[in-house]
Structures are given as structure tokens and as C-alpha cells.
Amino acid sequence: MYVCLCMGVCDREIREAMNEGACSVSEVMECTGAGTRCGSCQPTIAKLVGDGEAAPPPRRLTMAPVSSAA
């Protein structure tokens, strides 16, 4: 299963990084590149690693429609 679509990193690669010694979200990010672009996968990486270190996902702002005053 892909965890990080931006960087094309799957859960298998994250588990391999953990088996090789990565034991935090930041270490997994450094080893695999996962979570380094948009960051929305960091909570999933944190679940796989088993810690709560991940930053909250970036906020998406929605634009309100602009009414045209004539």
C-alpha cells in the first residue's frame, strides 16, 4: 500500500527503513523521502512507527465565492 503518493513510498519501504534502524517519523522521512513534500502522510508514518511525532497535515484553504456588487 502506498503511504506517500508524492514520493511513491509504500509501507513495505517504511518497514524496511524501520528494520534498518529508523525509529522516528523524521528518521523514516530522511531514509525514504516519504512525508517530505506535502506532509499529509506524516500521521500515517507515525502510526507505522508507533509514535505521535508527526506534524499535523497542512491546512487546505478554501476560497469563499466572491459576490459581485453591481
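Residues numbered from 1 in each chain as written. Predicted model: local features only at pLDDT ≥ 70, side-chain atom pairs only at ≥ 80, totals over all residues. Heavy atoms only, no water.

This part is about the pattern of salt bridges. Pairing between side chains becomes possible if they bear opposite charge and their charged atoms approach one another. Enumeration over the complete set of coordinates arrives at 1 salt bridge. For E16, the salt bridge is made with R12, and the minimal N-O distance between the two is 3.1 Å. One end of the pair is E16 and the other is R12, both in helix α1 (residues 11-19) and 4 residues apart, which spans about a single turn. Exposure remark for R12: the relative accessible area of 49% places this residue in the partly exposed category. (Salt bridge = Lys/Arg side-chain N within 4 Å of Asp/Glu carboxyl O. Helix = DSSP H or I, 4+ residues; strand = E, 2+ residues; numbered from the N terminus. Buried < 20%, exposed > 50% of the residue type's maximum accessible area, 1.4 Å probe, protein only.)

Tracing the sequence through the fold places S24 in the loop between α1 and α2 (25-32). A polar contact is formed between the side chain of S24 and the side chain of S26, at a distance of 3.2 Å. (Polar contact = N/O pair within 3.5 Å; in protein donor to acceptor, adjacent residues only side chain to side chain.)

To continue, consider α2. Every buried residue belonging to α2 is among V25, V28 and M29, and all of these are buried. Projected down its long axis, α2 carries its buried residues within an arc of 100°, all on one side. In this structure, α2 carries E30 and C31 as exposed residues pointing more than 90 degrees from its buried face. Looking one or two residues beyond α2, the residue adopting positive phi is G33, at roughly 85°. (Arc of directions from axis to C-beta.)

Where α1 contacts α2, the two axes come as close as 10 Å, and the packing angle between them is 110°. Viewed along their axes, α1 and α2 adopt a mutual orientation that is roughly perpendicular. Between α1 and α2 the crossing geometry is right-handed. Across the interface between the two elements, E13, I14, A17 and M18 from α1 touch V28, C31 and T32 from α2. Residue composition of the contact of α1 with α2, by class: 5 nonpolar, 1 polar and 1 charged. (Axes fitted to C-alpha atoms, helices over the stretch in contact; angles between N-to-C directions. Parallel < 35°, antiparallel > 145°, perpendicular 65-115°, else oblique. Left-handed = near helix turned anticlockwise from the far one by under 90°. Contact = heavy atoms within 4.5 Å. Nonpolar A, V, L, I, M, F, W, Y, C, P; charged D, E, K, R; others polar.)

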